Each structure stands twice: as structure tokens, then as C-alpha cells.
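Examination of the molecular architecture
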There are 2 protein chains.
Amino acid sequence: MSNKGNLFVISGPSGAGKGTVVKEILKRDEKVMLSVSATTRSPREGEVDGREYYFISKEKFEDLIKSNGLLEYAGYCDNFYGTPKQAVEDNLEKGIDVILEIDIQGGESIRKVAPHAVSIFIAPPSMEELRKRLVSRGTEAENVIEKRLKKAELEMQESSKYDYLVVNNNVEQCAENVLCIIKSERFRVNK
Amino acid sequence: MSNKGNLFVISGPSGAGKGTVVKEILKRDEKVMLSVSATTRSPREGEVDGREYYFISKEKFEDLIKSNGLLEYAGYCDNFYGTPKQAVEDNLEKGIDVILEIDIQGGESIRKVAPHAVSIFIAPPSMEELRKRLVSRGTEAENVIEKRLKKAELEMQESSKYDYLVVNNNVEQCAENVLCIIKSERFRVNK
């Protein structure tokens, strides 16, 4: 056992509710923090630098890539998104557990560069329930929902590559279960 | 993930309080049971067959050894003590988690024959505290206490071979931590 923190990758299909579960975990345990990603996109209204994202320039992002300063990164719609390595390592060194909440693709990258990370897959109770959740948001057209459901079905197959799978039937219960996994790691010998 | 239960080996030096911790765990979670050992010694007053031990004859014990019906066994003072395999497997099959609460020597045997078992080492807060606990019992002479402390010190070195180490500062807290480890295993992928 060391007094360093542990690194957790929390991933799952979009709509599984991983964001809400992570928020609930952060409320319950002070020794856990969420890694803040860096992005080159502009802040939206209400977003605070260092809270939602580190908002940085394209040049600075490219410098981070070159200096191997990112655990993983990806581009969407002309913008880059990535996980700054230094902040993660500083927190682990201080004994704080760090969560990377990340999509399936990002999760795969992280598991490669940080195989010691404990990976947790958050799954929706069923495809039926996932459909209900997406429909009830009322923000997306039928064909977009169908597309997202197909993607989720494919992403579910990735769960077998994770260390743990927790079904999100209920946010509080799911957060408690994930927190149990996080706490257990603190007692692991020879980690 | 399967719906089978998981096997846990809970061990630690005598005086670490593993028995009290296990009792507390059983009170808190219905899906966990303690494996009952078989012994050839006679029941003491108040002991119930199938609760403290399965009290069986030397012949029946030898039959169990021959038929490979014990996970581990050892002899003390002309009597045999062992862990019957069938009861453990029946419970695991039913989805019940099974705890083997066992001394360091037995723990080592189990880890060899059941490498999939999750092993948890319960440690006293310190040698100083262990001495206090042994002295406060008031049942043993000074030289016996010294002998037990030396043994405990040697046994502490075995902790590095366990999956988890939980310090027993406080029975309730220790039980909660061990229960977290037990619950986490229920979410493990590809176990």
C-alpha cells in the first residue's frame, strides 16, 4: 500500500448517466476529484475556466501534445479535447483519487497509456430504459435517437474490457456502488 | 460477471479482531455467510453443531480428506480442523458470498488451492495496541503474551501476499471497509 491516490476511468454509453453519477460521488467523498479536461473551444455562457474545462489556445494545446503533456486527446468539430497529465499526477501524489469521466473511445486510450487505472463501466438498466431516457429529454429527433441507441448497443460490448460494471438503475445507489469500488482500492496491497 | 457468489479469505494475526469484524459484517449483509469448519474435537458447552463447528468423528474426517472434500485442514492437539468444500460450493452456487475466517497458516493453504479467492488481511493498528489488547484480556501470562506478540510480528509480514489490508482501528469502521471490498467484487467483470 502507498499513500498515493488511485486513478479511475469512468465510462459508458451516452445516456447511461455517468455524469450525474460522478457528481453524486464528488458530493459524498472529499478525497475524490474529477479531472478537468483541456479544450480549444470557446467557453459557453456560465462555464468557468478550470471548472468545466481548461480553455486554452490551439497553440498551447499543440505544445501539450508535443511535450507529451496529455494522457489522451481527440478532436471534434475543429476543436481539441484532452486530459492534462500534470494535474492528474499532482493530485494522485497528494493522495487524492482522480476520476476521468470519459467516452468509450477516450476510455480505450486511457486504458492503454495507464493500464494501472481502475476502469468502471456505467451501464443503463436496459436498451429499453435508455430509449425512454433519450426520448424523455425531448431534445432529439427520432432518427438521432435511433442512431444513438445503435451506438450505445455497440458500446455496451466494450464493457467486457473494463474491471467493473455497475448498472445505473438509480443514481444514488449507483454512486454508492462506484464509491465502494473507489474506497476498496485504498486498501489494496501492492497496487 | 456471473451471478455466483465470491469466496473471501479473511485472516490476520491473533488479537487483530478478525472474529469480531466478521460478526459485524454478517449482521450487516444478508448475502454474506461464514463458512463453518468441521472438527473432530468435542463440542464445548453452548456450542451448536453446524453453528460453531460441524462436530464429526475422526473416521468421517479422514473420509473427507481421502475424498478431497476439504479445502484445507490442519491438526492441533490431537484434533483435526478443516473447511468442508461442499458447503462452500453450494453457497457460492446460490449467489451467496462466503467468508473463510482463518489463521495465517490456513490462509496460505486456501490461497494455494483457491487462487481466485479474494484475500483480506486484518491488521491491528500497531504492535503497541495489540499488546494492550492482549494484556487487557487478563487471561494470559506475561511470557505467553510476549510469545504471541512475536508470532504476530512474523505474521504481519504475510500481509504482502494478500489482495487487501484493512487496519482494525475500530470494529464498525473496519467491518464497513471490508464490506465495501466484498460488495465491489459483485461488480467485477470477468471474475
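Description of the structure in this document. (Residues numbered from 1 in each chain as written. Chains lettered and ligands numbered in written order. Predicted model: local features only at pLDDT ≥ 70, side-chain atom pairs only at ≥ 80, totals over all residues. Heavy atoms only, no water.)

1. Section: the relation of the copies chain A and chain B
Threshold: All copies are superposed by least squares; the fitting set is the C-alpha atoms of residues with a pLDDT of at least 70 in both. What makes two residues a contact is simply this: any of their non-hydrogen atoms within 4.5 Å.
Least-squares fitting of chain A to chain B yields an RMSD of 0.0 Å, with the transformation described by 0.0 Å of translation along the axis and a rotation of 180°. The transformation relating the two chain copies, once decomposed into turn and shift, fits a two-fold axis. The C-alpha atom lying nearest the rotation axis in chain A is that of Cys180 of chain A; the distance is 2.5 Å. Most of the interface of chain A is mirrored in chain B, where 100% of its interface residues again form contacts.

2. Things to note about the interface of chain A and chain B
To keep it simple, the criterion reads: Accessible area, probed at 1.4 Å, shrinks when two parts are joined; the buried area is that loss added up over both. A side-chain nitrogen of Lys or Arg and a carboxyl oxygen of Asp or Glu constitute a salt bridge if their distance falls within 4 Å. Here a strand is any run of E in DSSP of at least two residues, a helix any run of H or I of at least four, and the numbering for each starts at the N terminus. As a working rule, the residues Ala, Val, Leu, Ile, Met, Phe, Trp, Tyr, Cys and Pro are called nonpolar, Asp, Glu, Lys and Arg charged, and the rest polar, with Gly in that last group.
Listed as interface residues are 18 residues of chain A and, on the opposing side, 18 residues of chain B. Carbon and sulfur atoms supply 60% of the area buried between chain A and chain B, which totals about 1600 Å² over both sides. Contact with chain B buries surface across chain A, with Tyr164, Phe187 and Val189 of chain A losing the most and accounting together for 34% of the total. At the boundary of chain A and chain B, one finds zero salt bridges. Going through the elements one at a time, β9 (164-167) and α7 (171-185) of chain A are the ones with two or more residues in the side of chain A that touches chain B. Ranked by residues supplied to the side of chain A that touches chain B, first place goes to α7 of chain A with six residues. The residue inventory of the side of chain A that touches chain B, partitioned by class, reads nine nonpolar, five polar and four charged.

3. Details of the nonpolar core
The line we're drawing: Definition used in this section: a nonpolar core is a set of buried Ala, Val, Leu, Ile, Met, Phe, Trp, Tyr and Cys residues joined via side-chain atoms within 4.5 Å. Burial here depends on accessible area, computed with a 1.4 Å probe over protein chains only, as a share of the maximum for the residue type. Under 20% is buried, over 50% is exposed, and the range in between is partly exposed.
Formed by 40 residues in total, the largest nonpolar core has its most connected members in Ile25, Ile120 and Val178 of chain A together with Ile25, Ile120 and Val178 of chain B. Sequence-distant contacts of Val178 of chain B, that is, excluding residues within four places in its chain, are made with Ile10, Val21, Ile25, Ile120, Ile122 and Val166 of chain B.

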